[in-house]
Amino acid sequence: MALSEMNGDGSEQEEDRCQEPDVIATGNILESFTESQEIRGLINSLKGVYGNLGTREVTIEKFIVIMDKYQEQPHLLDSHLEWMMHLLLDVVRDNRSPSPLVHLAFKFLYIITKVRGYKIFLRLFPHEVADLQPVLDMFADQNPKDYETWETRYMLLLWLSMTCLIPFDLARLDGNILSEEGRTRMPIMDRILKVAKSYLVVSDKSRDAAAVLVSRFITRPDVKQKRMADFLDWALSTLSKSSFQTMEGTIVMDGMLQALAQLFKHGKRDDCLPYASTVLECLDNCKLSESNQTLLRKLGVKLVQRLGLTFLKPKVAKWRYQRGCRSLAANLQFSAQVPVAQNLVAAAVTAAADEEEYDIPGEVENVIEQLLIGLKDKDTIVRWSAAKGIGRITGRLPKELADDVVGSLLDCFSFQETDNSWHGGCLALAELGRRGLLLPSRIADVVPVILKALTYDEKRGACSVGSNVRDAACYVCWAFARAYDPLELKPFVNQISSALVIAAVFDRDINCRRAASAAFQENVGRQGTFPHGIDILTASDYFAVGNRVNCFLNISVYIASFPEYTQSMIDHLVNMKINHWDGVIRELSTKALHNLTPQVPEYMTNVVLPRLLPLSVGTDLHTRHGAILACAEITHALYKLAAENNRSVTNYFNEKSLEGLKQIHQEVFCTLIEKLSLSKMPFREDPIIDGWQWLINDSLRSLPLVSSTARQQIKEAAVSALAALCNEYYINEQREANPVLQGELLQQYISELQNTEEMIRCGFSLALGALPRFLLKGKLQQVLEGLKKVICISHKDVSFAESRRDGLKATAKVCQTVGVKRDGPQDEFVCKDNVIQIYMMLLNGMSDYTTDSRGDVGAWVREAAMTSLMEVTLLLVQNEPELLDANICKQIMCCVAQQSAEKIDRFRAHAGSVFLALLNFDNPPIPYIPHREELERIFPRSEAVTLNWNAPSQAFPRITQLLGLPTYQYYVLLGLTVSVGGLTETTVRYKAQAVYL
């Protein structure tokens, strides 16, 4: 039954839930191998059926059908493998058996091997001294180009790889190497090597078995001394001469890479180490990463990791994390805290041993780099092989180098990387966690990355990619649940549980929903700390999440009834699902929001709707569609909720949201004006231009009437439209403005700067800042005087912090627009006559500490003042540096230093970035910076990027060092004094500590 045919309430899914588990269970109820008599009869009948094509094919088909039943439970064959092999080898060894019968027997052997795996089956082959010569002689009758009998050659090579392990020097078996004709016979060692080499370059599966033969034969004590170097020379020479551009070259390279990978896997480290560097160099020259052959890239990654393991000593990392006792009986005897304590004690005991120094070969860095590149490969099997290689090699590295690997691994999760990189990174993280190589100290860095990976969805054309990333992220969560003690993951429980619930219920792909459900179940069982874990798991088990409609519309409502998950589920739908490329997902998401609205109507009204309104007029069609549907569904749900309670809808749907809906058209029209102007439409001297100008002005005057969420977008759209309109339609052929129009426009805008409505001041201030140079020409001083009145604080407009902020932004924009000319007229340029005035306006904003019911609103003004000071200063130093004097530079640096002691993290970080930008600017350097040498010592350029100004523990120890510099002492102390009285306990503590020190 298709998912689309199921009812929205999941009623038919309930029937499937009763049937589907039984269907799956009947596929795995085999308890033993029950067809032994039938298999024995089929094998015994080979001598009678091999000659007839029809009966032979029927016999083969019966054998295959029986064996395929045990593909998922191959271990049930183990007790029967030996007698099956002996029956078939008896046919092979019988000298009276014709060639077709021998081939048929080997075909049956291959079918068994395919089900059980060659590694298990290999051990059962007879491997006496007497078996070696007959097996070698059988190869004389084989034709490598006979594609119908490749199973025979495959099994013979596997048999030879077992018989060649006899514990005697092969030279003893040669006897008299002179033949009866007096010619010298080839030694057995060379015969085996010749067979292996010949089958490494064939195009069938015999090539795989030849690689197994090489790994076992070349590593024999007698062979490695005499033939290992020659074989490696031959393999590397053949590899370097081959090209993956041709099919023949690809086959040859496949065989060589398989042989080398197997050889370095099974060979002793001391034997392989002398050749590892040469092999790695040859592999680098092959440039396999550029090949479009998936198997070659996979084998290249596999060989690279084996070489890396060869370079490193085979030791188990003593620093690895060990959860503790894994025995159920032992866990029942001890409390959960005991394993943690034991782990901490063990870590302390082995700390000294872990510091043991030993040389890491330089080639290891190359190996790790190639594996990290392999994590970004376009094919999953290559990424998975690279992930396993990262895990294996990291387990042999010292703690510090292993941590560097983890750091490099986290770089895979940049949003500049592709979905392949994210997927490979998730696989590697899971591998490291599973092996105990991802220490608890790194969990805080890894969890945010995994949370992003759980919702990774990148749009590509009409669809998206990322389902494999989300699936792998679920695997990481599953692995972490098994790897770490509950106390280690306790700080992240709410984040991980919410993310897994969201993936299990709202993911588009069924495999991701089921993977998330499995990971959630593992965490509930292993960790035991997920809120309402058992209840949620019962409702969203593996089978329940199979129906997508049921997940969105029913299961989500049940889970959202637990307050720990409600808001995160709604936020996910608004942020990630209403703009999904799949229209079905968008519609389901909006219906889910409808169903979730009764849970938190206030949150929907006060947070979700204001967030959706601007999205409903966005440029992305999918987002607009989803946002409009979501607004409609939430509004309908609020209406129904109000009707049920005999209340008015206005109790839930406030006036601001209604106003936001009314203002959608304004933003759309302003965007239209901007785009038409940028498109240079032929409307010059057309009356429509006056209409557009009126609409822009009206939008700016209407700002006080709209909600705060829509206000910023309307303001930005109107200002952008004004700039585009002026640049296109208000300039004449002489690149000048109409004097009448210029005067009227500026007079109108400057007069609005004294409006009693703060938002109107904001809009027209930014509008002045957006005017092009030809409209400001000759009017600069008039504009600056108008902006000065906006920036200055007076008794009647002391609370107008936002208008002062926008006035400062506009001042800097005007200066950048008109440019700098030292001796130019002050009505046209920033010059020696007005530069002091401009700086006084900007510095005035640095002392704005206005507060109201919203808090420290003066911080907005100070932030804008810092940005504007930096922009104007950089403009001057690059064009007319002589306009800067020592007093101005001193005031700028001292005021910014004062703000760097700010109590609010975001504003402190902004002040710190401005301070370092001014200090480190060198194109050319800013003159007259007080105590430049001491500042560069306190704030080294090498640490400019890594210094986290948001963290009080990092910022204040540096800031307090400025107290030792006389010029900055008063200002820094003033900033610290103001901030120590702040309400943030962390800020106060670190400031007090820094001042005390």
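As the structure is a prediction and not an experimental result, all values here were calculated from the model.

So, the overall build of the chain
Looking only at helices and strands, the chain has 50 helices and two strands in total. Look at the contacts in the chain between residues 6 or more apart in sequence, and 73% of them connect residues 24 or more apart. As displayed, the chain offers around 45,500 Å² of accessible surface, 53% of which is attributable to carbon and sulfur atoms.

Regarding the environment of E736
Along the chain, E736 falls in the loop between α37 (708-729) and α38 (739-752). Overall, E736 belongs to the partly exposed group, its relative accessible area being 40%. C-alpha of E736 to C-alpha of F774: the two residues are 38 residues apart in sequence and 5.6 Å apart in space. Setting aside residues no more than four positions away along its own chain, E736 makes contact with Y730, I731, F774 and K777.

Digging into the nonpolar core
One finds I39, M67, F125, I192 and F217 to be the most contacted residues of the largest nonpolar core, which totals 205 residues. It is helix α6 (residues 99-116) that contributes the most residues to this core, eleven residues altogether. With near-sequence residues (within four places) excluded, F217 lies in contact with C164, L170, M189, I192, L193 and V223. Of all hydrophobic cores here, the second largest spans 100 residues; its members include L703, V790, A801 and L963.

Examining the packing of helix α29 (residues 548-560) against helix α30 (residues 563-577)
At a minimum axis distance of 8 Å, the contact between α29 and α30 shows a crossing angle of 145 degrees. Mapping the contact onto sequence places F552, S556, I559 and A560 in α29 and Y565, T566, M569 and L573 in α30. Tallied by class, residues from the contact of α29 with α30 come to six nonpolar, two polar and no charged.

Examining the packing of aromatic side chains
Given two aromatic rings, one states the distance between the centres and the angle between the planes to describe the pair. Evaluation of the coordinates by the stated rule reveals 24 aromatic pairs. Judged by centre distance (5.8 Å) and plane angle (75 degrees), the rings of F121 and F125 are edge-to-face. The class for F121 is buried, based on a relative accessible area of 0%. Taken together, the aromatic side chains of F413, F415, W422 and Y456 make up a single cluster linked through ring pairs. The cationic tip of R514 hangs over the ring face of Y542; the distance from NZ or CZ to the ring centre is 4.4 Å. Residue placement shows R862 over the ring face of Y849; its charged tip is 4.1 Å from the ring centre.

Focus: the pattern of salt bridges
Within the structure shown, the criterion is met by 47 salt bridges. Across the pair E431 and R435 runs a salt bridge whose closest N-O atoms are separated by 3.0 Å. Given a relative accessible area of 2%, E431 falls into the buried group. A salt bridge links D509 to R508, with the nearest nitrogen and oxygen atoms 3.8 Å apart.

Section: the side chain of Q142
Counting through the fold element by element, Q142 comes out in the loop between α8 (129-138) and α9 (150-163). A polar contact is formed between the side chain of Q142 and the backbone oxygen of M138, at a distance of 3.4 Å.

Here's the deal with unusual backbone geometry
Cis rather than trans, the peptide bond between N923 and P924 has omega equal to -5 degrees. Here P924 lies in the loop between α46 (905-920) and α47 (932-938). Its identity as a non-glycine residue notwithstanding, K287 has a phi of 50 degrees, on the positive side. In this structure, K287 sits in the loop between α15 (269-286) and α16 (294-311).

Structural notes on α8
All buried positions along α8 are accounted for by D131, L132, V135, L136 and M138. Buried residues in α8, looked at end-on, bunch into an arc of 150 degrees, giving them a common side. Buried residues along α8 sit in contact with α5 (78-93), α6, α9 and α10 (188-199).

Looking at the confidence of the model for the chain
Taken as a whole, the chain shows an average pLDDT of 84; of its residues, 87% reach a score of 70 or greater. Segment residues 327-355: pLDDT under 50, and 17 contacts once partners within four positions in sequence are set aside and those in other chains are kept. Within the model, pLDDT remains below 50 along residues 983-992, and this stretch shows 19 contacts once partners closer than five positions in the same chain are excluded.

Quick notes on a nonpolar patch on the surface
A cluster of nonpolar side chains, namely Y849, Y970, L974 and V978, defines an oily patch on the protein surface of about 360 Å² accessible area. Tracing the backbone shows L974 in helix α49 (residues 966-980). Classification of L974 by relative accessible area gives partly exposed; the value is 31%.

Here we look at helix α2 (residues 36-44)
All of the buried residues along α2 are S36, I39, L42 and I43. Considered in projection along α2, the buried side chains sweep an arc of 125 degrees and stay on one side of the axis. On its buried face, α2 sits against α3 (46-49), α4 (53-68), α5 and α6.

Notes on the packing of α30 against helix α31 (residues 583-596)
Following both chains from N to C, one finds α30 and α31 inclined at 155 degrees, their axes separated by 10 Å at the closest point. On the basis of the axis angle, α30 is roughly antiparallel to α31. Considering only the axes of α30 and α31, their crossing is left-handed. Here α30 contributes I570, L573, V574 and K577 to the contact with α31, which in turn contributes I585, R586, S589, A592, L593 and L596. When grouped by side-chain class, the residues that make up the contact of α30 with α31 number seven nonpolar, one polar and two charged.

Calculation rules
- Residues numbered from 1 in each chain as written.
- Predicted model: local features only at pLDDT ≥ 70, side-chain atom pairs only at ≥ 80, totals over all residues.
- Heavy atoms only, no water.
- Helix = DSSP H or I, 4+ residues; strand = E, 2+ residues; numbered from the N terminus.
- Contact = heavy atoms within 4.5 Å.
- Areas by Shrake-Rupley, 256 points an atom, 1.4 Å probe, with all protein chains shown as cover.
- Buried < 20%, exposed > 50% of the residue type's maximum accessible area, 1.4 Å probe, protein only.
- Core = buried A, V, L, I, M, F, W, Y, C linked by side-chain atoms within 4.5 Å.
- Axes fitted to C-alpha atoms, helices over the stretch in contact; angles between N-to-C directions.
- Nonpolar A, V, L, I, M, F, W, Y, C, P; charged D, E, K, R; others polar.
- Phe/Tyr/Trp six-rings, centres within 6.5 Å; stacked < 30°, edge-to-face > 60°.
- Lys NZ or Arg CZ within 6 Å of the ring centre and 35° of its normal.
- Salt bridge = Lys/Arg side-chain N within 4 Å of Asp/Glu carboxyl O.
- Polar contact = N/O pair within 3.5 Å; in protein donor to acceptor, adjacent residues only side chain to side chain.
- Arc of directions from axis to C-beta.
- pLDDT = per-residue confidence, 0-100.
- Patch = residues over 30% accessible without salt bridge, like charges linked within 9 Å, V, L, I, M, F, W, Y side chains within 5 Å.
- Parallel < 35°, antiparallel > 145°, perpendicular 65-115°, else oblique.
- Left-handed = near helix turned anticlockwise from the far one by under 90°.

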